[in-house]
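Below, each chain spelled out in residue letters.
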Amino acid sequence: MAKSLSFSRPVVFDYTAEPGQLAERAQRVWDALADGTIRLPPIERHVLDAAAQAHARLESRSSIGALILTT
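Everything numeric in this text was worked out from a predicted model, so none of it was measured.

Participant: Break down the overall build of the chain for me, with residues and values.
Facilitator: Secondary structure summary: the chain contains two helices and two strands in total. In the chain, the order of α-helices and β-strands from amino to carboxyl end is α-β-α-β. Within the chain, counting contacts between residues at least 6 apart in sequence, those at least 24 apart form 14% of the total. Accessible surface, the chain: about 6,600 Å² in total, of which carbon and sulfur atoms supply 59%.

This is the structure:
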């Protein structure tokens, strides 16, 4: 069984046959962001001194989006 393990990472280029398709799909995403259909998740910023608090939020799964440590 151990030899049958695999790791894969899908890449958008594997799912589009032509560069034009990729451009069209990307534009649809940008348009959806612009009109509010898709919303970006919130970004929480914590000073470096609050790294323990940020880590606790990650562990508790009480945050969504990115947590960024700043100086």
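Anyway, onward from the coordinates.
Participant: Summarise unusual backbone geometry; cite the residues concerned and give the values.
Facilitator: Positive phi, normally seen in glycine, also occurs at Arg-61, with a value near 60°. Checked against the element boundaries, Arg-61 lands in the loop between helix H2 (51–60) and strand E2 (66–70).

How each quantity is defined
- Residues numbered from 1 in each chain as written.
- Predicted model: local features only at pLDDT ≥ 70, side-chain atom pairs only at ≥ 80, totals over all residues.
- Heavy atoms only, no water.
- Helix = DSSP H or I, 4+ residues; strand = E, 2+ residues; numbered from the N terminus.
- Contact = heavy atoms within 4.5 Å.
- Areas by Shrake-Rupley, 256 points an atom, 1.4 Å probe, with all protein chains shown as cover.

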